[in-house]
Amino acid sequence: ASGFVLQAGETPKMTFQGLTVQNGGSAFNFYYADEGEVIDCTTEEVGGAVSFHYASFGLVRGSTLQGSVSGKASDGTVVEDNEIYGSGAEGITLHADSKSCRFARNVVHDNYSVNIYLDSISNTVVDANLVYMSDPNAGPTVGIMLADESYDNVTAPVLQDSTIINNVLIGNESGIRFWDGHFPGQSALRNVLIANNTVVNSETSALKWDAGPHQNAVVRNN
C-alpha cells in the first residue's frame, strides 16, 4: 500500500496506542496536529513509521518501529525508549527548524545514511541512546550527525544550542559528525555540547566535523 495508514490531520491530542501497522507507506502521520502520541506500537514493512509535519509537542514512546521517525518544524517533540531500525532514510530526523526536542534511551540501528540526524534543529537533547550498525548491506551510515540543510522555511543556518551526551555508538561509518550541509562557511556548531559518549569500531572516524565559524562548541570526556 502507499500513502498514510493512520493520519491525524489538523486534529490535536490524538493518541495511537498498542497498535501494529504492517505493509503501508507511512504508518502514523501527524499533519498540523499538535500533541500527537504513538505509544507501545509496532510497525513492520512500512516506508516511514511516524511523522510530525508542522506538528509539535508529540510523543513517541515504548514502540518498536521499522521505519523513520521524522518531522518538519516540530517543536517540543519527545522520542524515548523505542527501537527504531531499518529505515530507507534516516532513523530519527526531526528537521527543518524543529526546536526543543528530546531523543532519549532509544535503540537506533541499521538505518540508511544517518541513524540520528540533527538537521537544521536547535535546543535539542540527544541523551543515552544506543546507536549501531549490524547489517553490512545497509551501506555507510553516520551514527549521529549535525548539519544545516535548506528547506522552504529554512534559508540560513539554524543549528545551535544542542546537547549530545551519554550515547553509545558502535560500528557506524562515523560516530558523531558535523557536516556543513547546504551552507558551507556559514553553518557551524554554536553552543553545542558533545560529552560522555562512547564510540566504538567506527569505519572512518569517531568524531569528525567540517570547518566553520564554530562558537562555544565543547567536546569533552568522550
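Definitions and cut-offs
- Residues numbered from 1 in each chain as written.
- Predicted model: local features only at pLDDT ≥ 70, side-chain atom pairs only at ≥ 80, totals over all residues.
- Heavy atoms only, no water.
- Phe/Tyr/Trp six-rings, centres within 6.5 Å; stacked < 30°, edge-to-face > 60°.
- Helix = DSSP H or I, 4+ residues; strand = E, 2+ residues; numbered from the N terminus.
- Buried < 20%, exposed > 50% of the residue type's maximum accessible area, 1.4 Å probe, protein only.
- Pairing = 2+ DSSP bridges.
- Axes fitted to C-alpha atoms, helices over the stretch in contact; angles between N-to-C directions.
- 1 Å grid on protein atoms, 1.4 Å probe; cavity = no way out; pocket = protein on both sides within 12 Å on 5 of 7 lines; lining within 4 Å.
- Points joined across faces, edges and corners; volume = space filled by probe spheres on them.
- Nonpolar A, V, L, I, M, F, W, Y, C, P; charged D, E, K, R; others polar.

**A short note on the packing of aromatic side chains**
On inspection of all chains with the given rule, the structure shows five aromatic pairs. A ring pair is formed by F30 and F52, whose centres lie 5.1 Å apart and whose planes are at 10°; its orientation type is stacked. Of this pair, F30 sits in strand β3 (residues 20-31) while F52 sits in strand β5 (residues 42-53), and the two are 22 residues apart along the sequence. F52 carries the same exposure label as F30, and that label is buried. Look at Y31 and Y32: their rings are 4.9 Å apart centre to centre, the planes differ by 80°, and that puts the pair in the edge-to-face class. A relative accessible area of 34% means that Y31 is categorised as partly exposed. Each member of the aromatic cluster is reached from another via a ring pair, and the members are F16, F28, F30 and F52.

**Side note on the sheet that holds strand β6 (residues 59-61)**
In spatial order, the strands read β2-β4-β6-β9-β13-β17-β20-β23-β26; together these nine strands make up an open sheet with parallel pairing. Each edge of the open sheet is held by one strand with a lone partner, namely β2 (15-17) and β26 (215-220). The sheet shows a mean angle of 5° between the axes of neighbouring strands, direction not considered. Summarising the sheet, β6 and strand β9 (residues 78-80) pair through three bridges and their orientation is parallel. Counted as the bridge partner of R61 is E80 from β9.

**Here's the deal with empty space enclosed by the protein**
Tallying each qualifying case throughout the model produces one cavity of 30 Å³ or more. Put simply, the largest cavity is a space of about 30 Å³. Surrounding the largest cavity, L146, I176, R177, F178, L189, I194, L207, K208 and W209 form its lining. Of all the elements in the fold, those that place two or more residues in the lining of the largest cavity are β22 (174-179) and β25 (205-209). Looking at the lining of the largest cavity residue by residue, the classes come out as seven nonpolar, no polar and two charged.

Limitation: the analysis is restricted to geometry and does not speak to function.
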